[in-house]
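Now for the letters of each chain:
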Amino acid sequence: MLISTTAWQALTEAGVALIPRDADRVELTYGNTRATLTVIASPTPLSPRDIAALVSRHAEPCLIIVPAATPGVREAVEAAGWSWLAEGGQRITGVLRIGRERIALQPPAEAVKRSAKPGQVPWGTFTLIRRMIQRPYASQQELAALAGVSQPRVSQALRALAEEEIAHRTSNGWTVRDIDAAIRWWLGSYPGPGGISTYWYGLPPVVEQARAVVELVAAADRPGVAVSGDVAADLIAPWRAPARAMLYARTGVDLAGAGFVPAGEEEATLEFTVPKDPGLWQPSVEEVTVGLPLADPLQILWDVRRSPGPDSEEAAERVWDALRRRHRERGYAA
C-alpha cells in the first residue's frame with residue numbers, strides 16, 4: 001500500500017481524516033479544511049534535486065512518502081507547498097499542508113516495518129492467471145479481452161508461463177496445466193493489490209458492515225465496489241464467522257458518516273482499499289447473484305489467508321476447494 005498502517009494511525013492521531021480518491025490520490029481533511037493530494041511514494045530516500053524534478057512534473061499538490069528525509073529535502077518539499085511523510089526505524093515524522101493549515105506529525109510510540117518492492121508490477125500476468133482459472137480454455141484473443149491487455153502482452157506472458165509449466169496450449173485453447181500448481185504460483189508471486197488502504201471499526205456484524213459500505217458507495221454514485229476476504233468466503237464456501245470485512249472500491253468514500261471510526265490494523269473490523277491492481281474486479285456480474293458484488297476468487301483466497309483469526313488457513317482451504325471444483329466443472333463442460 002502507498003500509505004502504511006503506521007502512517008494511517010499517525011494521521012488519525014493528528015486529527016487528519018484520509019479518504020482515498022483513487023489508487024494514487026487521497027483527500028485529507030483537518031477540521032473544516034480539506035485538500036486532495038497525489039501520493040508519490042519512494043522506497044529509497046530522495047534528494048533536493050529529485051524533489052525539484054517532481055515539482056516540475058506535477059502542477060497539483062503532492063504528498064511525498066520516503067523512508068527518511070534530510071533537512072534539504074524537507075525544505076524543498078515545503079517550499080513547493082507540498083506535504084511529506086518519513087517513515088523509518090521506530091519513527092514517523094512529517095508535515096501536511098491542508099489548505100492554509102500546517103500539521104506537523106509527531107512520531108508514534110511504535111511503528112511497523114514497511115517493505116517496498118521497486119519496479120513495475122506485471123498486473124497483466126496476474127490478471128491472465130485469474131481469467132484462465134475462471135475460464136479453462138481460451139484463445140489468445142479471448143484472453144486479451146478478458147484480461148484487458150494487448151494480445152502481444154498476452155502472448156509474451158503465456159510464453160513465460162509455459163516455460164514455467166504453468167500454462168500450455170491445447171486444441172481447445174490455452175489452459176493452466178494444473179489448477180493447484182497455478183494457484184500456488186499465483187499466491188507465491190502476487191505482491192498484493194497495491195493502492196491505498198484505510199482501516200475502520202464498526203459495531204454491527206462484519207457482513208452487515210460490508211453491506212453498509214456497498215450501499216454507501218452505491219448511494220454516492222461511485223460505481224465499482226467488490227467484497228473480498230472473510231465475508232466473500234462465507235458466501236461461497238461457509239466455514240467460520242467472518243472476522244473482518246475487506247472491500248475494494250475504484251474511488252474512496254468517507255466511512256465516518258456511516259457509523260465507522262478510524263482504527264489501527266490490528267483492531268479494525270473493516271479494511272477499505274482503493275487498489276492499483278486492475279484484475280481483482282470480476283469480469284462479469286455473475287458473482288452478484290450471492291447478494292453482494294464479489295472480488296475475483298483468487299483475490300478472495302489471498303485475502304482470507306491474511307485475515308485475522310486462528311482458523312484462517314482452514315477457511316482458505318474451503319475457498320481453494322471451491323475454486324478448484326468450479327474450474328474443473330467448467331473445464332469438463334468445455
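Residues numbered from 1 in each chain as written. Predicted model: local features only at pLDDT ≥ 70, side-chain atom pairs only at ≥ 80, totals over all residues. Heavy atoms only, no water.

**Some points on the sheet that holds strand S2 (residues 25–30)**
Backbone hydrogen bonds are what pair the strands of a sheet, in a parallel or an antiparallel way.
Move 1: As summarised here, the arrangement of the 7 strands in space is S1-S2-S3-S4-S5-S6-S7, forming an open sheet in which the pairing is mixed. The outermost strands of the open sheet, each flanked by one partner alone, are strand S1 (17–20) and strand S7 (101–105). Each adjacent strand pair in this sheet contributes to an overall mean axis angle of 20 degrees, direction not counted.
Move 2: The pairing of S1 with S2 spans 4 bridges and is classified as antiparallel. Residue Ile19 lies in a different strand from S2, and its bridge partner there is Glu27.
Move 3: In the packing of helix H1 (residues 5–13) onto the sheet, the strands contacted are S1, strand S5 (83–88), strand S6 (91–98) and S7, and the crossing angle to S6 comes to about 55 degrees.
Move 4: Each of strand S4 (62–66), S5, S6 and S7 touches helix H3 (residues 71–79); the most contacted strand, S5, lies at about 150 degrees to it. (Pairing = 2+ DSSP bridges. Helix = DSSP H or I, 4+ residues; strand = E, 2+ residues; numbered from the N terminus. Axes fitted to C-alpha atoms, helices over the stretch in contact; angles between N-to-C directions. Contact = heavy atoms within 4.5 Å.)

**Concerning the pairing of S7**
Move 1: Inspection of the sheet shows S6 paired to S7 by 5 bridges, in the antiparallel sense. Residue pairing in the sheet places Ile98 in a bridge with Glu101 of S7.

**Brief notes about the confidence of the model for the protein**
Move 1: For the protein, the average pLDDT comes to 85, and 91% of its residues sit at 70 or higher.
Move 2: Long-range and interchain partners of residues 108–118, a stretch whose pLDDT sits below 50, account for 20 contacts in this model, where long-range means more than four residues apart.
Move 3: pLDDT under 50 marks residues 285–289. Its contacts with residues more than four places away, or in other chains, come to 6 contacts. (pLDDT = per-residue confidence, 0-100.)

**Points about the side chain of Ser42**
Move 1: Secondary-structure assignment places Ser42 in the loop between strand S3 (33–41) and helix H2 (48–57).
Move 2: A residue is classified by how much of its surface remains accessible, and Ser42, at 11% relative accessible area, is buried.
Move 3: There is a polar contact of 2.6 Å between the side chain of Ser42 and the backbone oxygen of Thr44. (Buried < 20%, exposed > 50% of the residue type's maximum accessible area, 1.4 Å probe, protein only. Polar contact = N/O pair within 3.5 Å; in protein donor to acceptor, adjacent residues only side chain to side chain.)

**Notes on the pairing of strand S10 (residues 196–201)**
Move 1: A large share of S10 lies buried, amounting to 5 of its 6 residues.
Move 2: Sheet topology places S10 next to strand S14 (residues 270–274); 5 bridges connect them, and they run antiparallel. Bridge pairing links Ile196 to Val274 in S14.

**Some words on the packing of aromatic side chains**
Move 1: Across all of its chains, the model carries 6 aromatic pairs by this definition.
Move 2: Consider the rings of Phe126 and Trp185, whose centres lie 6.1 Å apart with planes at 35 degrees: the pair is tilted. Of this pair, Phe126 sits in helix H4 (residues 123–134) while Trp185 is found in helix H7 (residues 179–189), placing the two residues 59 residues apart along the sequence.
Move 3: Classification of Trp185 as buried rests on a relative accessible area of 18%.
Move 4: Plain terms: the ring middles of Phe126 and Tyr190 are 5.5 Å apart, the flat faces sit at 80 degrees to each other, and that makes the pair edge-to-face. With Phe126 in helix H4 and Tyr190 in the loop between H7 and S10, the pair connects residues that are 64 residues apart, well separated along the chain. Across the pair, exposure class does not vary: Phe126 and Tyr190 are buried alike.
Move 5: The positively charged end of Arg130 is found above the aromatic ring belonging to Tyr190, 5.4 Å away from the centroid. (Phe/Tyr/Trp six-rings, centres within 6.5 Å; stacked < 30°, edge-to-face > 60°. Lys NZ or Arg CZ within 6 Å of the ring centre and 35° of its normal.)

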